[in-house]
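Geometric and topological summary
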Protein chains: 2
Amino acid sequence: MSTPTKEPPPSRRIADALRQAIERGEYSAGDKLPSERVLAATYESARNTAREAISILEAEGLLDVWHGKGAFVRPPARMIRLGANRYSHRLRIETGLSPFRAEAQRAGKTAHVEVPDIRRVKPPADVAERLGVPASRRSVVQRVNHYFADGEPVQIGVTYIPWVIAGGTVLATDATDPQSRFNSIYGEFEQLGHRLTKVREEITARMPRPDEVAMLRIPPGVPVIQVLHTGVDQDDQPFEITRFTMRADLNGLDYWLPIED
Amino acid sequence: MSTPTKEPPPSRRIADALRQAIERGEYSAGDKLPSERVLAATYESARNTAREAISILEAEGLLDVWHGKGAFVRPPARMIRLGANRYSHRLRIETGLSPFRAEAQRAGKTAHVEVPDIRRVKPPADVAERLGVPASRRSVVQRVNHYFADGEPVQIGVTYIPWVIAGGTVLATDATDPQSRFNSIYGEFEQLGHRLTKVREEITARMPRPDEVAMLRIPPGVPVIQVLHTGVDQDDQPFEITRFTMRADLNGLDYWLPIED
DNA sequence: CAGTGGTCTAGACCACTCA
DNA sequence: GAGTGGTCTAGACCACTGT
């Protein structure tokens, strides 16, 4: 008795056939797939059925579909690899680069960062808990950062700093001086007596929200990596939290972790 | 002159309306949305148009759609938080738990692990490079692990161990003894003279492949987190690599990183 | 059984790209 | 202009869930 595995419907069968053709290398990165109308004729189905097949592969992240042009096999992207050493004091002093700039440079990309918004706000619950500040009052400064690589937006970072630390300093008012050798907020923290000794990074991934799709210009079938980053100083006090949201196709994390006994 | 921002087509408008209703709390986690036929009538469109709206939200990971039942607001899932301390020698000895079991227990879930396949193979290129073994020969043992939490598959791990280390040992042949206090392959490595002193974890995220969807029973709109894990011993030699693939809605990473000066 | 989602059809019109 | 994807319609039948 063979198990009568129900065969998939036409749209799945077309999708499977195309996926296998891609895997077998019959279509290479950048190649154009047959048009929806051609696929429909080939598989003797309605155009909508062929279209459904294409959209399945698009949601899997295999295709780039361009209105008026066609569907193309998505080429793998060069990734920025974010390591923990990007927070290194020495690296910052020697290169004069902020963490993101240093990593982008290593990936052969040109980076720039914009700080479109700085304001005093009530912190989100998870941030308040980790910083040990009240969620009910405007106890933190919020700094929004947009990160670009080769002109393309690749990350958003929202930093929260307790008002008791940032109040009255440039952290609460200005982007750091682009000319400074301390071209990172960590340079400012050091001058305020907070030396970064360890960080906590809580990582997860999910599909982007529509506003993130718009902001980061995220194509279909690409998730975001979310990192909740906590900076801790020499007195074991958390003094800064940043929530990073990054395109998963352009960013990866690369950590070396010592194993305590 | 106002910018005549083109208004979205009906399917997007329905999707936006439903998304906002969910965000405003008009539908809570677990609530059932109106049926496709009802939505179509409400918005005076064809059923397919309402259906398209539902599938947009499903791809965003907001809905669970059940054949014959309806579309429901997806509730947030309890996550297993995987920290680097799961590799701690002391934790392993004290609890007698493998890394995964220890973390699952902390999340209040019952864990079990299956090792469905152990064999000698040619390593993938990235693995060969990191282990310093030839990719052209069957230079590694490959161990496939399936991880379950509360009976649900949540992770796949494929471990590669150089044949020069694993050959002739239980690493090449058997699952570790479930009764042993060293219920983890790291116990075996220690007996072979490889003490884990640090790990490298290279992290990225992407949409799952169809085989991963089937194996991990991944719902639509849920990405996977991929971790390429390298274990390094007291002599700075990499002795083991595992490629983890995990459902991003059920798993997160939680690392504490010391910052070198 | 009624109600729900899953899939398909055949056709239409629009919007975009490229020669 | 020809070719492509984007969207919609109106209807049909199937498969699954519940009472």
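This write-up is about the structure you can find in this document. (Residues numbered from 1 in each chain as written. Chains lettered and ligands numbered in written order. Predicted model: local features only at pLDDT ≥ 70, side-chain atom pairs only at ≥ 80, totals over all residues. Heavy atoms only, no water.)

**Brief notes about the overall build of chain A**
Defined as follows: Strands here mean DSSP runs of E at least two residues long; helices mean DSSP runs of H or I at least four residues long; both are numbered from the N terminus. Buried means the residue's accessible area, taken with a 1.4 Å probe over protein chains only, is under 20% of the maximum for its type, while exposed means over 50%, and partly exposed covers the values in between. When checking whether two residues touch, look at their non-hydrogen atoms; a contact exists if any pair is within 4.5 Å. Note on areas: these come from Shrake-Rupley sampling with a 1.4 Å probe, and a residue is covered only by the protein chains present in the view.
Each helix and strand in chain A was counted, giving nine helices and ten strands. Looking at the 261 residues of chain A, the share that counts as buried comes to 48%. For chain A, restricting intrachain contacts to residue pairs at least 6 apart in sequence, the fraction spanning at least 24 positions comes to 61%. Accessible surface, chain A as shown: approximately 13,100 Å² in total, 50% of it carbon and sulfur.

**A word on the relation of the copies chain A and chain B**
Put simply, the rule reads: To superpose the copies, least squares is applied to the C-alpha atoms of every residue with a pLDDT of at least 70 in both.
Aligned on chain B, chain A shows an RMSD of 0.0 Å; the corresponding rotation is 180° and the shift along the axis is 0.0 Å. Classification of the inter-copy transformation places it as that of a two-fold axis. A shared binding surface is used by both copies, with 100% of the interface residues of chain A retained as interface residues in chain B.

**Some words on unusual backbone geometry**
Despite not being glycine, D150 of chain A shows a phi value in the positive range, around 50°. With respect to the element layout, D150 of chain A can be found in the loop between β5 (140-149) and β6 (152-162). Given the relative accessible area of 42%, D150 of chain A is considered partly exposed. The phi dihedral of R217 of chain B is positive, around 50°, even though this residue is not glycine. By the secondary structure assignment, R217 of chain B is in the loop between α9 (210-216) and β8 (224-233). Owing to a relative accessible area of 57%, R217 of chain B belongs among the exposed residues under this scheme.

**Examining the packing of helix α1 (residues 10-23) of chain B against helix α3 (residues 47-59) of chain B**
Residues and elements named next belong to chain B. Note the cut-off: Only the stretch in contact is used when fitting a helix axis, every axis being a line fitted to C-alpha atoms; angles between N-to-C directions are given from 0 to 180 degrees. Working rule for angles: under 35 degrees goes down as roughly parallel, over 145 as roughly antiparallel, 65 to 115 as roughly perpendicular, anything else as oblique. In a left-handed crossing the near helix is turned counterclockwise from the far helix by less than a right angle, and in a right-handed crossing that turn is clockwise. Amino acid classes used here: Ala, Val, Leu, Ile, Met, Phe, Trp, Tyr, Cys and Pro are nonpolar; Asp, Glu, Lys and Arg are charged; the rest, including Gly, are polar.
Orientation of α1 relative to α3, taken along the N-to-C sense of each, is 50°, at an axis distance of 8 Å. Put simply, α1 runs oblique to α3. Handedness of the crossing formed by α1 with α3: right-handed. In contact with P10, S11, R12, I14, A15, L18 and R19 of α1, α3 contributes T49, A50, E52, A53, I54, I56 and L57. Residues of the contact of α1 with α3, tallied by class, amount to nine nonpolar, two polar and three charged.

**Quick notes on the sheet that holds strand β7 (residues 196-206) of chain B**
Selection criterion: Two strands qualify as a pair provided that DSSP identifies no fewer than 2 bridges between them.
Strand order in the open sheet formed by eight strands is β3(A)-β10(A)-β7(B)-β8(B)-β9(B)-β6(B)-β5(B)-β4(B), with mixed pairing between adjacent strands. Strand pairing shows two members of the sheet lacking a second neighbour, β3 (80-83) of chain A together with β4 (111-121) of chain B, which therefore form its edges. Averaged over neighbouring strand pairs, the angle between their axes works out to 20° when direction is ignored.

**What about the pairing of strand β10 (residues 251-258) of chain A?**
Taken across its eight residues, β10 of chain A has six buried, putting it largely inside the fold. As paired elements, β3 of chain A and β10 of chain A share four bridges and run parallel to each other. In the sheet register, G83 of chain A faces β10 of chain A, and the bridge partner there is D254 of chain A. Strand direction decides the pairing type here: β10 of chain A and β7 of chain B, joined by six bridges, are antiparallel. By the bridge assignment, L253 of chain A is partnered in β7 of chain B with I203 of chain B.

**A few points about the pattern of salt bridges**
What counts is decided by this rule: Only one rule defines a salt bridge in this text: a Lys or Arg side-chain nitrogen within 4 Å of an Asp or Glu carboxyl oxygen.
This structure, assessed with the given rule, holds 40 salt bridges over all chains. For R130 of chain A, the salt bridge goes to E202 of chain A, with nearest N and O atoms at 2.7 Å. Of the two residues, R130 of chain A is situated in helix α6 (residues 125-131) and E202 of chain A in strand β7 (residues 196-206); the sequence distance between them amounts to 72 residues. Accessibility expressed as a relative area gives 7% for E202 of chain A, which makes it buried. When salt bridges that share partners are traced, they join R81 and D254 of chain A together with R130, R200 and E202 of chain B into one network.

**Some points on the side chain of R130 of chain A**
For the record, the criterion: Whenever two N or O atoms come within 3.5 Å, that pair is a polar contact, provided that in protein one can donate a hydrogen and the other can accept it, and provided that, for residues adjacent in sequence, both atoms are side-chain atoms.
At 3.0 Å, the side chain of R130 of chain A and the backbone oxygen of D126 of chain A are in polar contact. Within polar-contact distance, the side chain of R130 of chain A engages the side chain of E202 of chain A at 2.7 Å. Filtering out sequence-adjacent residues up to four positions away, R130 of chain A remains in contact with R200, E202, L228, T230, P238 and I241 of chain A together with R81 of chain B.

**As for the protein's contact with DNA strand D**
The condition that has to hold: The rule for a residue being near a molecule or strand is that one of its heavy atoms must lie within 4 Å of it.
Taken together, the neighbourhood of DNA strand D is formed by 25 residues, with P10, S11, A46, T49 and H67 of chain B sitting nearest. A share of 62% of the atoms of DNA strand D within 4 Å of the protein falls on sugar and phosphate groups. Contacts to DNA strand D include E36 of chain A, whose backbone N or O atom sits 2.9 Å from a phosphate oxygen. Taking G68 of chain A, its main chain carries an N or O atom lying 3.1 Å from a base nitrogen of DNA strand D. Counting only elements with at least two residues in the surface near DNA strand D, the list comes to α2 (36-42), α3 (47-59) and β1 (63-66) of chain A together with α1 and α3 of chain B. Here the surface near DNA strand D is built from residues that sort into five nonpolar, eleven polar and nine charged.

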